[in-house]
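Next come the chains, spelled out residue by residue.
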Amino acid sequence: MNIPTAPFSSITGLAEAEVSARLRAEGFNELPRSDYRTPIRILLDVLREPMLALLLGGGAIYLLLGDLQEALILLLFAGLSVAITVVQETRTERVLEALRDLTSPRALVIRDGRRLRIAGREVVRGDIIVLSEGDRVPADARLLESHSLQVDESLLTGESVPVHKLVVVSFEQAGPPRPGGTDQPYVYSGSLVVGGGATAEVIATGPRSEIGRIGQSLHELKAEPPRLQAQTRRLVRLAAVAGGLVSLLAIVLYGMFRGGWLDAFLAGITIGMSMLPEEFPVVLAVFMAMGAWRISRARVLTRRAAAIEALGSATVLCTDKTGTLTENRMSVEELHSAGGDTYRLREHPGAPLPEGFDELGMTGLLASEPEPFDPMEKAFHQMARDRIVGAATLSRGDWRLLRNYGLRPDLLAVTQVWQPEGNDRLIVAAKGAPEAIAGLCRLDPQQREAIRGSVDRMAVDGLRVLGVARAFHAQGELPNSPRSFHFEFLGLVGLADPLRPSVPAAIARCRSAGIRVIMITGDYPVTAVAIARQAGIEGEDVLAGSELAKLDEAQLVARLKSLNVFARIMPEQKLRIVQALKAGGDIVAMTGDGVNDAPSLKAAHIGVAMGGRGTDVAREASSIVLLDDDFGSIVEAVRLGRRIYDNLRKAMGFIFAVHVPIAGLALLPLAFGLPIIFSPVHIAFLEMIIDPVCSLVFEAETEEKDVMDRPPREPDEPLFSWSLIGWSLLQGGLVFMLVATIYLLALRNGLPPNEVRVLSFFSLVLAIVSLILVNRSFSSSLIAALHRPNPALRWILLLVGAIMAASLLVPRLSELFHFGALHRDDLALAFGVGVAVLILLELAKPLWRKSLRL
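Residues numbered from 1 in each chain as written. Predicted model: local features only at pLDDT ≥ 70, side-chain atom pairs only at ≥ 80, totals over all residues. Heavy atoms only, no water.

## Some words on the overall build of the protein
Each helix and strand counted, the protein has 30 helices and 22 strands in total. The buried share of the protein, reckoned over its 854 residues, is 56%. At a minimum sequence separation of 6, the contacts of the protein that also span at least 24 residues come to 73%. Of the roughly 35,600 Å² of accessible surface on the protein, 59% is carried by carbon and sulfur atoms. (Helix = DSSP H or I, 4+ residues; strand = E, 2+ residues; numbered from the N terminus. Buried < 20%, exposed > 50% of the residue type's maximum accessible area, 1.4 Å probe, protein only. Contact = heavy atoms within 4.5 Å. Areas by Shrake-Rupley, 256 points an atom, 1.4 Å probe, with all protein chains shown as cover.)

Now the structure itself:
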């Protein structure tokens, strides 16, 4: 790889003007995508649709019959059909493109001396990036600073063992950058930071990176849920086969008994068009893409559209405490010394920490990252700036960090070794779980019991409690484990993280929606119970991680039936909880933010990653991402997911219902040797109504009033349930019966065929309008539904009304549709059909409401 030279001058990073210039010159930090559908590609896909083939076939037959006007009109409708589909799918593709941009890995960069969190695609060559555990490296870069950095490069090398990275004095001596091998000064796009941290300068982006040269794709967004897509395709395939057989039969019967084989083919095409529900796949794609867009407006990113369907089935929502239920805005509230004294900071606003407590606070600061990102460590830094005299010497570089011992499953504590300037003695600072710190200090049982009592008293107030310890070490080689130091216990620090104001109401909404909320935290059990009580989570019982480890799978499944609070849980134990809940028959949504949360996020039916504090690997394992880390956003996503699925079922039921009378009225004249009602022109016009109604009107409908007051949907419930099919057949059968009765009575009374056609067609269109109004809501009355805003419905109804009026008043249009005069009494009769459909179905709706569960 040729590395463009970009000398690193200072930690201030690039200026925004330089960033803009490099973006223009080199493009975004992304790889070419082969799955992007341009309008031209969409057009080519549409040209292969069966409905378009039927329209073009009908136009060709009219040309053979010498009817140029009919042929041109059919071609016009074919063009309109293509245009509508291309516009809808281009809109869908733009929505998916916007969502893909959101799913790109994030990067923490330094620009103009400020740290900024940006989308990975906006990283440019020369950017200074800050890497932490759990980050996905956004671009190829060379290390400037490193703290025990370990990177998983298996995506590039296939080697699963993490490699250690080192800073070198000369990059020329390190050789050219190539993935694989330990102690290199380079990191590569797509690799994963599994330990430590670093600051690095970007040397290659996008297709110029190592992974760009290999040509792999890291991120994809599925546009359609496989289960719904399979059901829809199966239904369309069955309808197409049935329609094809009926069309062939109609052609044969028409040709044998009426003569005129070209007319017979026209009749067959008409029946084929009437029986083909080609709207299903388009409506499904539009609903899923637009649904993901609507959910993203609620600050929730849908990475896999199948999650929209699954949200309505969730029975259990497992959530973290910190940052999800709470504001993730921590502050140090209370200090408790080893001697038993307590100092509450709120009682002494702005005052420096007294002697003894300043030592406790300073050691807690030394056990924190110099450039903190974690809210707890930010709280220590804030306390030091405000309350500890001399803490500023750390930021001036008077102290040098020699080693960091990170958090481990067997030791819930962080230890850092510092060398003060001009001092040969090293200072070792540790902070972490009180029991872990007590273990490092080798305290006896009596001392540990005293600490446990103090922790309980602090935790009852909802404080998160950390222990702090200090040791001194002579210059020389450092031990491999912090347990080798001789620590002195200094005391306890209580941090407050206020509950988000929206949480109690959101949990109450979950309860009314039949969703059980389980809180899983690494906090002390008493703290966990206190926060759960404030949030409104039911149950006073709590299971600690140490107790969970002693349970077998059957015992855990049994305990989970009545347990809603888990404390001192390690990330890997979340996977056991998810698997136990699934074994108990629950549909599980699980939140997570760390590298070790990825297995539980992947195992859950709905993995929910944190967008603000979450790692990239957690985002990649998840189905949805909370962009604001707010629990209320999860509940909002559930509400929107239920709304989207409800509206999808309404649209599908409407399509099913509409095709029943259209197909029936196309077949009726052929079966009994009566004048033909519909030609391909009429069917094409009806399709122009059905498509936008489903894609615009039903998609924009607001939720049912009981959307969060009913239990979750069964996960294996089919989209086309027997109750929905039955309801659609009832609607379609009623419309067919009424319109067919008018058709037969009109013929019996001697009306000319053109007047019979216009009367039947107007009756059918008004009946379809009634079906739209009926299907808008199943839980509300028609009057209540009419008061629900839906601008798309108003405009479509006005457009349909204008076209129908023009078809009567404009002679050329009347000739095109083969319409005769529609007298006032006939128009009243047509309106009567629409009103009758509306009233009868409104009366029948309560009988079907329970089975439809809408």
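## Focus: the sheet that holds strand β13 (residues 413–420)
Taken together, the seven strands give an open sheet; going across it, the order is β11-β10-β16-β15-β14-β13-β12, and neighbouring strands pair in antiparallel fashion. This sheet does not close on itself; its edge strands, each paired only once, are β11 (342–344) and β12 (399–405). Looking at each pair of strands side by side, their axes are set apart by 25° on average, direction ignored. Bridge analysis of strand β15 (residues 464–473) against strand β16 (residues 488–496) gives seven bridges, and the strand direction is antiparallel. The residue of β16 that forms the bridge with Ala-469 is Phe-489. Against the sheet, helix α15 (residues 445–459) makes contact with β10 (331–337), β15 and β16, and its axis sits at roughly 15° relative to β16, the strand it touches most. (Pairing = 2+ DSSP bridges. Axes fitted to C-alpha atoms, helices over the stretch in contact; angles between N-to-C directions.)

## What about the packing of aromatic side chains?
This structure, assessed with the given rule, holds seven aromatic pairs. On the numbers, 6.5 Å between centres and 75° between planes, the contact of Trp-399 with Trp-418 is edge-to-face. One end of the pair, Trp-399, is in strand β12; the other, Trp-418, is in strand β13, with 19 residues separating them in the sequence. Like Trp-418, Trp-399 is buried. Relative to Phe-487, the ring of Phe-485 lies with its centre 6.0 Å away and its plane at 75°, an arrangement referred to as edge-to-face. Looking at Phe-485, the relative accessible area reads 1%, which means it is buried. Site record: aromatic cluster; members linked through ring pairs are Tyr-405, Phe-485 and Phe-487. One cation-aromatic arrangement involves Arg-121 over Phe-28; the distance from NZ or CZ to the ring centre is 3.9 Å. The residue whose ring lies beneath Lys-431 is Phe-380, and the NZ or CZ to ring-centre distance is 5.8 Å. (Phe/Tyr/Trp six-rings, centres within 6.5 Å; stacked < 30°, edge-to-face > 60°. Lys NZ or Arg CZ within 6 Å of the ring centre and 35° of its normal.)

## Some remarks on the packing of helix α12 (residues 357–366) against helix α13 (residues 375–387)
Relative to each other, α12 and α13 sit at 135°, their axes nearing to 9 Å. Classed by the angle they form, the pair α12 and α13 counts as oblique. Between α12 and α13 the crossing geometry is left-handed. Counting all contacts with α12, which are made through Gly-361, Gly-364 and Leu-365, the residues of α13 involved are Phe-380, His-381, Met-383 and Ala-384. Per-class residue counts for the contact of α12 with α13 are four nonpolar, three polar and no charged. (Parallel < 35°, antiparallel > 145°, perpendicular 65-115°, else oblique. Left-handed = near helix turned anticlockwise from the far one by under 90°. Nonpolar A, V, L, I, M, F, W, Y, C, P; charged D, E, K, R; others polar.)

## Observations concerning the pattern of salt bridges
Following the criterion strictly, the structure yields 22 salt bridges and no others. Here Glu-359 makes a salt bridge to Arg-470, at a shortest N to O gap of 3.1 Å. Taken together, the positions of Glu-359 in helix α12 and Arg-470 in strand β15 put the pair 111 residues apart, joining distant regions of the chain. For Arg-470, a relative accessible area of 13% corresponds to the buried category. Notably, a salt bridge pairs Arg-710 with Asp-706, separated by 3.2 Å at the nearest N-O pair. Through salt bridges with shared partners, a single ionic network connects Glu-359, Arg-470 and Glu-488. (Salt bridge = Lys/Arg side-chain N within 4 Å of Asp/Glu carboxyl O.)

## Things to note about the packing of helix α16 (residues 503–512) against helix α23 (residues 631–672)
Where α16 contacts α23, the axes come no closer than 9 Å and their chain directions differ by 35°. α16 and α23 meet at a crossing whose hand is left-handed. In contact with Val-503, Ala-506, Ile-507, Arg-509 and Cys-510 of α16, α23 contributes Phe-631, Gly-632, Val-635, Glu-636 and Arg-639. Broken down by class, the residue content of the contact of α16 with α23 amounts to six nonpolar, one polar and three charged.

## What about helix α19 (residues 553–560)?
Those residues of α19 that sit buried are Leu-556, Val-557 and Leu-560. The buried residues of α19 occupy an angular sector of 100° when projected down its axis, which confines them to one face. Residues of α19 that are buried in the fold lie against β17 (516–520), β18 (543–544), α18 (545–548), β19 (565–567) and α20 (571–583). Of the residues flanking the start of α19, the one acting as N-cap is Asp-552, its side-chain oxygen 3.3 Å from the backbone nitrogen of Ala-554. (Arc of directions from axis to C-beta. Polar contact = N/O pair within 3.5 Å; in protein donor to acceptor, adjacent residues only side chain to side chain.)

## What to know about the environment of Asp-523
Its location among the elements puts Asp-523 in the loop between β17 and α17 (525–535). Given a relative accessible area of 1%, Asp-523 falls into the buried group. As a C-alpha pair, Asp-523 and Ala-544 span 21 residues in sequence and 9.5 Å in three-dimensional space. When residues no more than four places from it in sequence are discounted, the contact partners of Asp-523 are Lys-321, Arg-464, Ala-567 and Arg-568.

## Some points on the side chain of Arg-470
Within the structure, the side chain of Arg-470 is placed 3.1 Å from the side chain of Glu-359, a separation counted as a polar contact. Other than its neighbours up to four places away in sequence, Arg-470 contacts Glu-359, Thr-363, Ile-427, Val-428, His-486, Phe-487, Glu-488 and Leu-490.

## Some thoughts on the confidence of the model for the protein
Per-residue pLDDT for the protein has a mean of 79; in total, 76% of the residues score no lower than 70. Between residues 1–10, whose pLDDT stays under 50, and residues either more than four places distant or in other chains, the model counts 22 contacts. Confidence drops under pLDDT 50 across residues 216–226; counting only partners more than four residues distant or on other chains, this segment forms 28 contacts. (pLDDT = per-residue confidence, 0-100.)

## Observations regarding the sheet that holds strand β22 (residues 624–626)
With mixed pairing, the eight strands of this open sheet are ordered in space as β8-β22-β21-β20-β9-β17-β19-β18. At either end of the open sheet lies a strand with only one pairing partner, and these are β8 (300–302) and β18. Where strand β9 (residues 316–319) meets strand β20 (residues 588–592), three bridges bridge the pair, whose relative direction is parallel. Within the sheet, the bridge partner assigned to Cys-318 lies in β20 and is Met-590. Along the sheet, α17 contacts β17, β18 and β19; its crossing angle with β19, the most-contacted strand, is approximately 150°. Each of β8, β9, β17, β20, β21 (606–610) and β22 is contacted by α23, which is oriented at about 160° to β9, the strand it contacts most.

## Some points on the pairing of β17
Most of β17 sits inside the fold, with four of its five residues counted as buried. Of the pairings in the sheet, the one linking β9 to β17 comprises four bridges and is parallel in character. The residue of β17 that forms the bridge with Cys-318 is Ile-518. As defined by bridge partners, β17 adjoins β19 across two bridges and the pair is classed as parallel. Residue Met-519 lies in a different strand from β19, and its bridge partner there is Val-565.

## Some thoughts on a nonpolar patch on the surface
A cluster of nonpolar side chains, contributed by Val-835, Ile-839, Leu-840 and Leu-843, occupies part of the molecular surface with about 380 Å² of accessible area. Relative to the elements of secondary structure, Val-835 occurs in helix α30 (residues 824–852). (Patch = residues over 30% accessible without salt bridge, like charges linked within 9 Å, V, L, I, M, F, W, Y side chains within 5 Å.)

## A few points about the side chain of Arg-568
Its place among the elements puts Arg-568 in the loop between β19 and α20. The exposure class of Arg-568 is buried, given its relative accessible area of 14%. Here Glu-435 takes part through its side chain, which lies 2.6 Å from a polar atom of the side chain of Arg-568. Ignoring anything within four residues of it in the chain, the contact list for Arg-568 reads Ala-433, Pro-434, Glu-435, Thr-521, Gly-522, Asp-523, Tyr-524, Pro-525, Gly-545 and Gln-573.

## What about the pairing of strand β14 (residues 426–432)?
Burial analysis of β14 places seven of its seven residues in the buried class, which makes it a mostly covered element. The side-chain alternation of β14 yields two buried faces, one formed by Leu-426, Val-428, Ala-430 and Gly-432 and the other by Ile-427, Ala-429 and Lys-431. Taken together, the six bridges between β13 and β14 define a ladder with antiparallel strand orientation. Opposite Gln-416, over in β14, you have Ala-429 as the bridge partner. Joining the antiparallel neighbours β13 and β14 is a turn of five residues, in which Gly-422 adopts a positive phi near 75°. In terms of strand pairing, β14 meets β15 through seven bridges, oriented antiparallel. Each bridged residue has a counterpart across the sheet, and for Ala-430 the counterpart in β15 is Ala-469.

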